[in-house]
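Topology and contacts: notes
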Amino acid sequence: MTSHTPADTFPRQYARTLRYTVGAPRSFSVAPDGSRVVFLRSRSGHDRANLLWTLDTATGEERIAADPAALLGGGEEDLSPAERARRERSREGSAGIVGYALDGDGGLAAFALSGRLFTADLTTGATAELPARGPLLDPRPSPDGTHVAYANTAGELRLTRTDGSGDRALAEPDGPNVTWGQAEFIAQEEMGRDRGFWWSPQSDRLLVERADDSPVRRWWIADPANPDREPAEVAYPAAGTANAEVGLWVLDLQGGRTEVTWDREAFPYLARVHWSEGGVPLLLVQSRDQRAQRILGLDAATGATEVLVEEHDETWLEAFPGVPAWTPDGKLVRISDIAEVGGAAQQDGGGRREGGARALVIGDQAVTGPDLHVRSVVAVTAEEVFFSASGGAAETDPEPGWIAVGRISHDGKRLAWESSNGRPFTSVTSAVHAGGITVRATAEADLPGSLVQVARDLPEGVVVDDVAVIASYAETPVITARPVFRFAGERRIPAAVFLPTGYDRERDGLLPVLMDPYGGPHGQRVVQAHNAHLNSQWFADQGFAVVVADGRGTPGRGPAWEKSIAFDFAGATLDDQVDALRALAAEFPLDLDRVAIRGWSYGGYLAALAVLRRPDVFHAAVAGAPVTDWELYDTHYTERYLGHPAERPEVYAANSLTGYAAGLERPLMIIHGLADDNVVAAHTLRLSSALLAAGRPHTVLPLSGVTHMTPQEEVAENLLLVQVDFVKRALAR
């Protein structure tokens, strides 16, 4: 890690370094033969422009494979609106090379810069710009390295040869709102799928998404600070309204095309696509209510599909990273909520029955048990499956928040854990694996950043297997986070508590409390990692006892925990914040007469909900970019948890905030970026109007030109300072 500027304050450094991610290595890939590791990293902790790097696993030597400054001649990047939107969907705030794809042997990388197409030969070090009709998106080489396919902002899927001899369209829009080869909004924002095309292992065909968003309702997002500019038109599929029409086609390189057929009326969501060597292509498709899904095998010659697995759940079904997939010997790998372990996988129907677990399933066998909560599949080899997991039955864990990467044999009899510190249950580990090489990144609660090690598979019993450590150039934080982890209350709610640096109980007494949750689906805050807690520690150092609690609905605990919020955001998530607060007050110096709560996005919703519904507990709130009316949020997310608004209008009424406006008794500040196209500013405006109509004073802070991510350095810094000032004044009343 690099040192910081002496004059830095934490808010300035935190904002400038994009939460200390600038300069840290990321986006790792391993060549199939294990000869090299490919990754992105900028030159320092204050330079946001990523370079493409390789590491030779035989020598441990690092080399720059592509430098965006050299390739662009020192000029500035020019990003298309489509690329900016793509980065917003993936929460990408850095610059330079932000993504790349490799050919089949890992020797050729393709990437986009300023909407132009570049390749890097990772064996010779040569880089080249290829002819392409841009601005382009998501270039990907064919496995044999002879072509690069890419999408562009005109909606085309195009193909160019890597020898520079030609560029042509494989598919062109057949309608004004049609795109080929691009993931639609819902896939990017909610399904975790940012790809829209997939090469065949033989490099002779591609599976290509065709999306038509003509049915999607149009919204217009204006910039009130610049009334001379036209509003941006956004196709936004709000809950209960139409989604884009999504299909899949097989395209050959000669222009032939075959439509992939499945019951798209019953299963309109295309959640996952997998096409590996030796296996038929796999699709995961979901019903609109996400209570049913199918894993389909595809005949690429005819477009016909076969149902391999069908699952049903009375609440919802999740789609997981890395699955479905095949083992080399033809076993289906998936993750499923099951009722029994150690035998044939039986679906749990929601995961709420005693003994239910989220398990890794290979073939028809669940190979992990109720002590683990499986989160993703990292890699599949001939003998093992690499997967990430956290604690299942919380009673077996001394502390919450660990995430580990395990490797398990196909029969489930051999399990080993990957971790740079050798303590997988007191850290957060991620990994990639191929060719007998594992790149593992381990974060710990008492050390800044992550340690990234390259390790080689060795015979059983051999311990020393490190090839190299990939250095991080990220800045060292100017403060140190000191989380104290607990399971709070009877429900053992995962929590972390932060006290001011140098706090002395006899001298300082009880402290005003700042609850700092996300509190909702897909947002785990209590993790055994240092940098994840720096923001909370800084708030604590301003004179608060800060509490972060991951109540029901947050990930990593088990199917029953996650699904207990079905059709009721406003109940369980708020109840668990209250229960955690009261339970922790028995051990920590929490002044329950001075309690504030802050949050962003779902956390903003929870913060506003807290002062509206429980003014007896919460005395002030800061709500950032809150969802206030769930009918204004998107289909896939909202309908998964609350159902369809036409079928459950009472659920939407009970979980939206505007109906509680008359109950506001406490100070409330609402912050919202006016350029936010995820949680649009209409959420805040509707709540503010309802509060005004009810005669309830409140504060609204509009952020001109700011999206949901608030990436602007000055804005991000000053937002922290504004929140502290507001909360201190509110609790001093």
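Computed from a predicted structure; not experimentally measured.

1. Here we look at unusual backbone geometry
With an omega dihedral of 0°, the bond running from G134 to P135 counts as a cis peptide bond. Tracing the backbone through its elements, the reader meets P135 in the loop between β9 (127-130) and β10 (136-141). Residue P324 is reached from V323 by a cis peptide bond, and omega for that bond is 5°. Assignment of secondary structure puts P324 in the loop between β24 (305-312) and β25 (325-326).

2. Details of the pattern of salt bridges
Enumeration over the complete set of coordinates arrives at 43 salt bridges. Residue R598 pairs with D516 through a salt bridge whose shortest N-O separation is 2.6 Å. Of this pair, R598 sits in strand β41 (residues 590-600) while D516 sits in the loop between β39 (511-515) and α6 (534-541), placing them 82 residues apart in sequence. Each member of the pair, R598 as well as D516, carries the same accessibility label: buried. One connected set of salt bridges, linked through shared partners, spans D313, D337, R358, E562 and K563.

3. Some thoughts on the sheet that holds strand β36 (residues 466-470)
Taken together, four strands build an open sheet; the order of strands is β33-β34-β35-β36 and the sheet is antiparallel. Either end of the sheet is taken by a strand with one partner, and the two such strands are β33 (428-434) and β36. On average, adjacent strands in this sheet sit at an angle of 20° to one another, irrespective of strand direction.

4. A short note on the packing of helix α8 (residues 569-584) against helix α9 (residues 602-613)
The N-to-C vectors of α8 and α9 enclose an angle of 80°; their axes lie 10 Å apart at closest approach. Viewed along their axes, α8 and α9 adopt a mutual orientation that is roughly perpendicular. Here F569, A570, T573, L574 and Q577 of α8 lie close against α9, whose contacting residues are Y602, Y605, L606, L609, A610 and R613. Partitioned by chemical class, the residues of the contact of α8 with α9 number eight nonpolar, two polar and one charged.

5. Looking at the sheet that holds strand β7 (residues 108-113)
The antiparallel open sheet is built from four strands, whose spatial order is β6-β7-β8-β9. The open sheet terminates on both sides in strands that have one partner only, identified here as β6 (101-102) and β9. Of the strand pairs in this sheet, β6 and β7 are connected by two bridges, and their pairing is antiparallel. Pairing of A101 across the sheet is with A110, part of β7.

6. Here's the deal with the nonpolar core
Core analysis: the largest hydrophobic core is formed by 77 residues, its most contacted members being F569, F618, W630 and L668. The element contributing the most residues to this core is α9, with nine residues. If near-sequence neighbours (up to four positions away) are discounted, L668 is found in contact with A608, V611, A621, A623, L691, H698, T699 and F726. Counting 32 residues, the second-largest nonpolar core is a separate cluster that includes W538, F544, A596 and F726.

7. Topic: the confidence of the model for the protein
Here the protein averages 92 in pLDDT, and 93% of its residues register 70 or above. In the model, residues 348-355 has pLDDT below 50 throughout and makes 23 contacts with residues more than four positions away in sequence or in other chains.

8. Structural notes on empty space enclosed by the protein
For the structure shown, the criterion picks out three cavities of 30 Å³ or more. For the largest cavity, the lining is made up of 18 residues, of which P400, G401, P494, G556 and R557 are closest to its centre.

Cut-offs used in this document
- Along each chain, residue indices are assigned from 1 in the same order as the chain's sequence is written.
- Given that the model is predicted, a residue must reach a pLDDT of at least 70 before its local features are reported, and side-chain atom pairs must reach 80 or more before they are shown or counted; all residues, however, enter totals for whole chains, interfaces and linings.
- The basis for every side-chain value is the complete set of non-hydrogen atoms in the structure, without hydrogens or water.
- Helix and strand definitions here come from DSSP, where helices need a minimum of 4 consecutive H or I residues and strands a minimum of 2 consecutive E residues; each element is numbered from the N-terminal end.
- By convention in these notes, a salt bridge is any Lys or Arg side-chain nitrogen within 4 Å of a carboxyl oxygen on Asp or Glu.
- Buried means the residue's accessible area, taken with a 1.4 Å probe over protein chains only, is under 20% of the maximum for its type, while exposed means over 50%, and partly exposed covers the values in between.
- The rule for pairing is simple: two strands pair if DSSP sees at least two bridges between them.
- Note on geometry: axes are lines fitted to C-alpha atoms, helical ones only across the stretch in contact, with angles between N-to-C directions running from 0 to 180 degrees.
- What sets the label is the angle itself: under 35 degrees gives roughly parallel, over 145 gives roughly antiparallel, 65 to 115 gives roughly perpendicular, and the rest give oblique.
- In what follows, residue pairs with any heavy atoms lying within 4.5 Å of each other are defined as contacts.
- Three classes are used, and their members are as follows: Ala, Val, Leu, Ile, Met, Phe, Trp, Tyr, Cys and Pro are nonpolar, Asp, Glu, Lys and Arg are charged, and the others, Gly among them, are polar.
- Residues enter a nonpolar core if they are buried and are Ala, Val, Leu, Ile, Met, Phe, Trp, Tyr or Cys, with the set joined through side-chain atoms within 4.5 Å.
- Across the chain, each position has a pLDDT score giving the predictor's confidence in that residue, from 0 to 100.
- With a 1 Å grid spanning the protein atoms alone, the term cavity applies to any set of points in which a 1.4 Å probe fits but cannot get out, the term pocket to an open set with protein on both sides within 12 Å along at least five of seven lines, and the term lining residue to any residue with an atom within 4 Å of a point.
- Grid points are joined across faces, edges and corners, and a volume is the space filled by probe spheres set on the points.

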